Amino acid sequence: MKASIYLVLATLFWSGNFVVGQAAVNTMTPLELTFWRWALAALPLVALAHFVERPDWRAVLDRWRVLLLLSMLGMGGYTLLLYTALQHTSALNASLITAANPALIVVMAIFFLGEKPGAHGWLGIALGLAGVLLVLTRGELHRAFSITFNAGELLMIGAIVVWGFYTIVARRLGLPAIAATAVQVVMATAILAPFAFGTGAEFPATAAEGWSLAYIAVFPSLGAYLFWNLALKTTAPATAGNYLNLMVVFTAAITVVMGIPVTLPQVIGGLLVIAGVLMASRPKKPQEVRAA
């Protein structure tokens, strides 16, 4: 139950990142936004890990190679691809493409970890993808074979591939979640700093930029990554990945609050996504466990 709550909160915070991030890249470059995001989150995460988990930092740093890989994948690669994509496509479109991640993670988990979802898992994935397809085609399913992708959507496809690898590697990390996340963020900040300052990165000068960066640093950066890594302690990558479908629903809800109308196919598609998440998160039956 805790893992489910963690995954819902993580996806909610990341959904806000789509909307706020799209507004932020109008005045900040993707590299600038990515650097300041992690620079502001680094020290609070280290302090939180130290006082809450009290980890053996030497043991954590002994795994610096895999932590560096995770930092480059999740904090560097995924984030840069996401913010670059938001310069070319809408927040809702970006979240829709992210909803394809669960199916990708299932395939990667089968290939790399030998994991197999049960019958409920496959049905949940199918419902989630059906909901996404309904939204993408605006309720006209015959358009499924004529959908075209722009540069932003192609970048988002690259982003979900990177996130899939991040999830697979993080599942086998075996380190305190907060401490591992903190080290990854510090590494990302150190790696990005010379590139950011070399290209003239400056701290936000306007109130709008400041509030956008504050949200991104606290919720998608601190909160979401912590909750995601905490959930992976007890949740298989395939199951965790299916919760990413909720980002479509949350992003659509945020856009409604902002005054942007949502269509009936989007509502029905969102309900299918939620049903898919609930179905995939059901525990396996005994015979399914034995067969897995």
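Note that this is a predicted model, so its numbers are computed, not measured.

Asks: Can you help me understand the overall build of the protein chain in this one?
Replies: Helix and strand content of the protein chain: 14 helices and zero strands. When the helices and strands of the protein chain are listed from N to C terminus, the series reads α-α-α-α-α-α-α-α-α-α-α-α-α-α. Of all 292 residues assigned to the protein chain, the portion counted as buried reaches 50%. Across the protein chain, the fraction of contacts at a sequence separation of at least 24, relative to all contacts at a separation of at least 6, is 90%.

Asks: What exactly am I supposed to notice about the confidence of the model for the protein chain here?
Replies: As a note on interpretation, predicted positions should not be read in detail where pLDDT is low. Here the protein chain averages 82 in pLDDT, and 88% of its residues register 70 or above. Of the regions scoring below 50 in pLDDT, residues 286–292 engages in six contacts with residues more than four places distant in sequence or in other chains.

Asks: Explanation requested: a nonpolar patch on the surface in the structure shown.
Replies: Where nonpolar side chains cluster on the molecular surface, the patch consists of Phe-111, Phe-112, Leu-154, Ile-157, Val-161 and Phe-165 and spans about 580 Å² of accessible area. For the nonpolar patch, the elements supplying multiple residues, two or more each, are helix H6 (101–113) and helix H8 (151–171). In terms of residue count, H8 provides more of the nonpolar patch than any other element does, four residues in total. Looking at where Phe-112 falls in the secondary structure, it is placed in helix H6. With relative accessibility at 46%, the residue Phe-112 sits in the partly exposed group.

Asks: It is not clear to me how the packing of aromatic side chains should be interpreted in this structure. Could you clarify?
Replies: One pair of aromatic rings is described through two measures. These are the centre distance and the angle between the planes. With the rule as written, the count across this model stands at 13 aromatic pairs. Joined through ring pairs, the aromatic side chains of Tyr-6, Phe-13, Tyr-215, Phe-219 and Phe-227 make up one cluster.

Criteria and cut-off values
All chains use their own residue numbering, which begins from 1 and follows the written sequence. Local features in a predicted model are, by the rule used here, given only for residues with pLDDT of at least 70; side-chain atom pairs are given and counted only at 80 or more, and totals for whole chains, interfaces and linings are based on all residues. Side-chain descriptors were evaluated using all non-hydrogen atoms of the structure, hydrogens and water having been removed beforehand. The way it works is that DSSP assigns letters per residue, a run of H or I at least four long becomes a helix, a run of E at least two long becomes a strand, and they are numbered from the N terminus. Summary of the burial criterion: residues with accessible area below 20% of their type's maximum are buried, those above 50% are exposed, and those between are partly exposed, where the area comes from a 1.4 Å probe applied to protein chains only. When checking whether two residues touch, look at their non-hydrogen atoms; a contact exists if any pair is within 4.5 Å. How sure the predictor is of each residue is captured by pLDDT, a score from 0 to 100. Surface patches are drawn from residues lacking salt bridges whose relative accessible area is over 30%; two like charges belong together within 9 Å, two nonpolar side chains (Val, Leu, Ile, Met, Phe, Trp, Tyr) within 5 Å. Residue exposure ignores everything except the shown protein chains as possible cover, and the areas themselves are Shrake-Rupley values with a 1.4 Å probe. We count a salt bridge whenever a side-chain nitrogen from Lys or Arg sits within 4 Å of a carboxyl oxygen from Asp or Glu. Ring pairs are drawn from Phe, Tyr and Trp, using the six-membered ring of Trp, whenever the two centres fall within 6.5 Å, and their geometry is named by plane angle: stacked under 30 degrees, edge-to-face over 60, tilted for the rest.

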